[in-house]
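Working through the structure, step by step
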Amino acid sequence: MTRIDLKTMCEEVLSGPLALAIGNFDGVHIGHRALLARVREAAEAMRGEIPHIRTGVWCFAQPPSAFLSDKPVPQLSTLEEKLACFAEAEIDCCILADFPTLKDCPPDRFVREILVDACDCRHVVCGFNFTFGARGQGNADTLRRHFGDALTVVEPICLGDRVVSSTAVRCALTEGDAEGAAAMLGRRWSICLPVQHGKALGRRLGFPTVNQRFPEGHILPAFGVYATLCEIDGGLHPAVTNVGIRPSVDDGDAVTCESHILDLNADLYGRDIRVHFCTYLRAEQKFESLAALEAAIQEDIAGTRRYFGATAQMKEGKA
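Residues numbered from 1 in each chain as written. Predicted model: local features only at pLDDT ≥ 70, side-chain atom pairs only at ≥ 80, totals over all residues. Heavy atoms only, no water.

Our focus in this paragraph is the overall build of the chain. Regarding its fold elements, the chain presents 11 helices and 14 strands. Residues classed as buried in the chain amount to 49% of the 319 residues present. Contacts in the chain between residues at least 24 apart in sequence constitute 75% of all its contacts with a sequence separation of at least 6. Put simply, the chain shows about 15,600 Å² of open surface, and 50% of that area lies on carbon and sulfur atoms. (Helix = DSSP H or I, 4+ residues; strand = E, 2+ residues; numbered from the N terminus. Buried < 20%, exposed > 50% of the residue type's maximum accessible area, 1.4 Å probe, protein only. Contact = heavy atoms within 4.5 Å. Areas by Shrake-Rupley, 256 points an atom, 1.4 Å probe, with all protein chains shown as cover.)

The biggest cluster of nonpolar side chains holds 29 residues, and the ones touching the most others in it are Trp 189, Ile 191 and Phe 277. At the level of elements, helix 7 (166–174), helix 8 (178–185), strand 9 (190–194), strand 11 (224–232), strand 12 (235–244), strand 13 (256–261) and strand 14 (272–283) are the ones that each hand at least two residues to this core. For this core, the element with the highest residue contribution is helix 7, accounting for 4 residues. When neighbours within four sequence positions are excluded, Trp 189 is seen to be in contact with Leu 76, Leu 173, Phe 214, His 218, Ile 219, Pro 221, Val 275, His 276 and Phe 277. With 27 residues, the next largest nonpolar core counts Ile 95, Cys 105, Ile 114 and Val 124 among its residues. (Core = buried A, V, L, I, M, F, W, Y, C linked by side-chain atoms within 4.5 Å.)

Along the chain, the position of Gln 212 falls in strand 10 (residues 210–213). The class for Gln 212 is buried, based on a relative accessible area of 1%.

So, about the pairing of strand 6 (residues 151–154). Bridging between strand 5 (residues 121–127) and strand 6 involves 4 bridges; their strand directions are parallel. Across the sheet, Val 124 pairs through a bridge with Leu 151, a residue of strand 6. After leaving strand 5, the chain enters helix 6 (residues 140–147) and then returns to the sheet as strand 6, a path that is right-handed. (Pairing = 2+ DSSP bridges. Right-handed = clockwise from strand over helix to strand, strands pointing away.)

This brings us to helix 1 (residues 30–46). For helix 1, with 17 residues, the first-to-last C-alpha span of 25 Å sits near the 24 Å given by 1.5 Å per residue. Residues Gly 31, His 32, Ala 34, Leu 35, Leu 36, Val 39, Ala 42, Ala 43 and Met 46 constitute the buried set of helix 1. Residues of helix 1 that are buried make contact with strand 2 (18–22), strand 3 (54–60), helix 3 (79–88), strand 5, strand 6 and helix 7. (Expected span 1.5 Å × (residues − 1).)

Enumeration over the complete set of coordinates arrives at 11 aromatic pairs. With 5.3 Å between their ring centres and 45° between their planes, Phe 110 and Phe 132 make a pair best called tilted. Here Phe 110 is found in helix 5 (residues 107–118), whereas its partner Phe 132 is found in the loop between strand 5 and helix 6, with 22 residues between them in sequence. With relative accessibility at 7%, the residue Phe 132 sits in the buried group. Ring centres 5.6 Å apart and planes at 15° place the aromatic pair Phe 130 and Phe 132 in the stacked group. (Phe/Tyr/Trp six-rings, centres within 6.5 Å; stacked < 30°, edge-to-face > 60°.)

Its place among the elements puts Asn 211 in strand 10. Among the polar contacts made by the side chain of Asn 211, one reaches the side chain of Thr 209 at a distance of 3.5 Å. (Polar contact = N/O pair within 3.5 Å; in protein donor to acceptor, adjacent residues only side chain to side chain.)

Pairing is antiparallel in the open sheet, where 6 strands are placed in the order 9-14-11-12-13-10. Sheet topology places strand 9 and strand 10 at the edges, where each strand pairs with a single neighbour. Within this sheet the neighbouring strands show an average axis-to-axis angle of 35°, counted without direction. The pairing of strand 9 with strand 14 spans 5 bridges and is classified as antiparallel. Among the inter-strand pairings, Cys 192 is bridged to a residue of strand 14, identified as Arg 274. (Axes fitted to C-alpha atoms, helices over the stretch in contact; angles between N-to-C directions.)

With the rule as written, the count across this model stands at 14 salt bridges. A salt bridge links Arg 144 to Asp 141; its shortest N-O distance comes to 3.2 Å. A residue pair is termed a helical-turn pair when its members lie 3 or 4 positions apart in one helix, as Arg 144 and Asp 141 do in helix 6 at 3 residues. Residue classification places Asp 141 among the partly exposed residues on the basis of a relative accessible area of 47%. Among the ionic pairs, Arg 271 bridges to Asp 233, the shortest N-O distance being 2.6 Å. Taken together, the residues Arg 271 in the loop between strand 13 and strand 14 and Asp 233 in the loop between strand 11 and strand 12 connect sequence positions 38 residues apart. (Salt bridge = Lys/Arg side-chain N within 4 Å of Asp/Glu carboxyl O.)

The next subject is the packing of helix 5 against helix 6. Between helix 5 and helix 6, the shortest axis-to-axis distance is 10 Å and the interhelical angle comes to 55°. Overall, the two elements helix 5 and helix 6 adopt an arrangement that is oblique. In the crossing of helix 5 with helix 6, the sense of the turn from one axis to the other is right-handed. Between helix 5 and helix 6, the contacting residues are Pro 107, Asp 108, Val 111, Arg 112, Leu 115 and Val 116 on the first element and Thr 142, Leu 143, Arg 145, His 146 and Phe 147 on the second. Its residues placed into classes, the contact of helix 5 with helix 6 shows 6 nonpolar, 2 polar and 3 charged. (Parallel < 35°, antiparallel > 145°, perpendicular 65-115°, else oblique. Left-handed = near helix turned anticlockwise from the far one by under 90°. Nonpolar A, V, L, I, M, F, W, Y, C, P; charged D, E, K, R; others polar.)

Read across the sheet, 6 strands follow the order 1-4-3-2-5-6 without closing on themselves; strand pairing throughout is parallel. Each edge of the sheet is formed by a strand with only one pairing partner; in this case those strands are strand 1 (2–5) and strand 6. Averaged over neighbouring strand pairs, the angle between their axes works out to 20° when direction is ignored. Contacts between helix 5 and the sheet are confined to strand 2, strand 3 and strand 5, with strand 3 contributing the most and set at about 135° to the helix.

Treat this as a map of the structure, not an account of what it does.
Following this line, the structure appears as structure tokens:
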């Protein structure tokens, strides 16, 4: 998949007509994937008349809320994770725009100069609640004035009585509902961060851990202990993961993701390890002694083994 910076876009980089899905795509949940499926369908339907039409995604390189609020919306995914999801969905290219440059652009001008003239967009796909342009004044009606029938508006995707959205996924994670988040994402929510050195307390207790720190601006799931799968060299390994500030041993407020990988003791320092969150076991708590902490870890390990059962799910390599 081609990654294109809109500021430096030229004919050699982006040539030929496009069917475009436009939006923010944080998390690339099942609602977003419906947009990607529809843009592929639209391109396929047009290939009889436009043989060289390609599929694309148009989104911002940075989260818009980072420029609009003192408290930006925490992100479910990094830009690289979004791009990986687009490639997995067989999208040909992704056009990355600079939000500060375009935030005051009137909606009709955005359609004419960016979508039509710069991107040669022949069909556009958006979500039912998509807004764009200065002060978010543009919407599906604006796009319809320019594209007519060459516009597809994807209706909301619902799970039960809940509309799938990035906001709903964030809410599920902050409530510790890993399964609910996974249902909306179409996959388990995960993080991929470098392994850092910690205080080695877990190792002294007999439970060596992989220590990772959440970057600024990233969503924080509910503090507590989770049954997880750590992805290492393409394999999935069951683990007990604590998210929080480790009140039993730390005085600081840095949020860490600390995983004890069951039945594996390997040197992983400096490596990027992906942790897939499966289910919430208990809230984070402060223990009065290391003995009490050790007993709790033993119970967390037992709970994790019960969750994964006979490990058949892990052997299938599914995350």
